[in-house]
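# Remarks on the overall topology
Residues per chain are reported as follows:
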Amino acid sequence: MQKSYDDSKACRTTFVQDNTLVAVIEMGLSSWLVAGMIPGVSREPLKKIAPNAQDLLQLLYRWRDEAITAGKEITRIAVAYETGRDSFWLARWLRERVIDAHVIHATSVAISREHRRAKTDRIDTAMLRRGFLGWLRGEPGHCSMAIVPTVAEEDAKRPCRDRDSLVHERTSIVNRMKAILIQFGVRNFNPVLRKAREKLDAVQTPEGIPLPPNTVCALRRNMERLHLIKEQIKAIEQTQLQGLKRDPGEKTNAIIFLLVRIIGLGVETAQQLAHEILFRNLRDRKAIARYAGVTGSPDESGSKRREKGISRSGNARVRKILIQLSWRIVKFQPESDLVLWFKNRTQNARGSRKPMIVALARKLIIALWRYVNTGVVPEGFKLRPAA
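Residues numbered from 1 in each chain as written. Predicted model: local features only at pLDDT ≥ 70, side-chain atom pairs only at ≥ 80, totals over all residues. Heavy atoms only, no water.

Throughout the structure, instances matching the rule amount to 1 cavity of 30 Å³ or more. Roughly 50 Å³ of internal volume is contained in the largest cavity. Around the largest cavity, the lining residues are Cys160, Arg161, Asp164, Gln272, Glu276, Arg317 and Ile321. Only helix H4 (151–183), helix H8 (267–278) and helix H10 (316–332) provide two or more residues apiece to the lining of the largest cavity. (1 Å grid on protein atoms, 1.4 Å probe; cavity = no way out; pocket = protein on both sides within 12 Å on 5 of 7 lines; lining within 4 Å. Points joined across faces, edges and corners; volume = space filled by probe spheres on them. Helix = DSSP H or I, 4+ residues; strand = E, 2+ residues; numbered from the N terminus.)

Here it is, written out as structure tokens:
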């Protein structure tokens, strides 16, 4: 089967240098450094501006006017910069104003491998410009472009990510309360229980004395924070479920309903996978595994052959979800082909379960990608009946 063209690796639009104004931006918190290539003008301008989109647009228009004055007809303004906090909204804003804006994956730009290489904004813009020009000419290997999501796609990720951060905060508060109690030898009191605040005054240390007053106040403050976080997590989950019921035919919601039919895969995991990776129009199974960061990192030179482990260059959230999901699939889908393959590879080997679970995660995400795109159920997977 012929592979689809990956336009993130090389540009498909014909690059006419005499009619294209090229600019790259090194973005910082307090300023942006803009480097340009103006057709018909020998100098290569470098301008530092405030981090303001209107100032950037005025600068591009001024450079365009310089090219027109030099006798060149500008039909395209191509702008590129690395991924960062300002990357996606600015790309959408520029594209609305007919600027060909692109966001470069920061790790895809080749840099010097010297032990102590010089690094300045001026050098960085030169490297960005060199890579961007190669991409515009259609030459693969110079850099790769990130797909700019819509506002709705970015906003859809927010509930899952907020819930994830709240769960981490909940765990931190619980651990903090348990550590405070253990400092006074109290091990038989669970501060997570619903009536823990009411019973806190009756808690005694092994010495037969109540907890000190400042310690009690600290525990009460942490319990109040814990109660608030639990309420916020519950509100996020209810809002997500209401959204699924309100629009079940929407693309991402349809993917979630397909995923939750798999026994061992819950609603939260399905929502995270759908919003983080499965909604994307990725090229093939290699692109899926690479985005999840579960591909290998071979190190080959001459007769040396070794593997440095997984690349971890993709989406860390997806990778964490996949590792956790793989252990659940081993438990809840014991007769599936993937789990049988995993058991056959690990039954007689010592210490191989953890490395092989990554291989299972890679096979699992590819199988789920095929399932939501073609409807082909992974071999041996048990499904819940359709609602």
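Right, let's get into the packing of aromatic side chains. Across all of its chains, the model carries 2 aromatic pairs by this definition. Here the aromatic rings of Phe132 and Trp135 are separated by 6.1 Å at their centres, their planes lie at 15°, and the arrangement is stacked. One end of the pair is Phe132 and the other is Trp135, both in helix H3 (residues 121–136) and 3 residues apart, which spans about a single turn. Here Phe132 and Trp135 have matching classes, each one buried. Both rings, one in Trp327 and one in Phe342, keep their centres 6.2 Å apart while their planes meet at 90°; by these two values the pair is edge-to-face. (Phe/Tyr/Trp six-rings, centres within 6.5 Å; stacked < 30°, edge-to-face > 60°. Buried < 20%, exposed > 50% of the residue type's maximum accessible area, 1.4 Å probe, protein only.)

With that settled, consider the environment of Thr171. Looking at the element boundaries, Thr171 is found in helix H4. Each C-alpha atom of the pair Thr171 and Leu226 lies 9.2 Å from the other, and the pair is 55 residues apart in sequence.

This part covers the layout of surface pockets. Roughly 490 Å³ of internal volume is contained in the second largest pocket. Together, 18 residues line the second largest pocket, and Ala156, Gly243, Glu250, Asn253 and His275 are the ones closest to its centre.

As a further point, take the sheet that holds strand E3 (residues 46–49). Taken together, 6 strands build an open sheet; the order of strands is E3-E2-E1-E4-E5-E6 and the sheet is mixed. Whereas interior strands pair on both sides, the edge strands pair on one side only; in this sheet they are E3 and strand E6 (145–146). In the sheet, strand E1 (residues 20–27) pairs with strand E2 (residues 32–37) via 6 bridges, with the strands oriented antiparallel. Residue pairing for E2: Val24 is matched across the bridge by Ala35. Here helix H1 (residues 53–69) sits on the sheet and contacts E1, E2, E3 and strand E4 (76–82); the angle it forms with E2, its principal contact strand, is near 20°. Sheet strands in contact with helix H2 (residues 87–96) are E1, E2, E4, strand E5 (100–104) and E6, and its direction is about 165° off that of E5. (Pairing = 2+ DSSP bridges. Contact = heavy atoms within 4.5 Å. Axes fitted to C-alpha atoms, helices over the stretch in contact; angles between N-to-C directions.)

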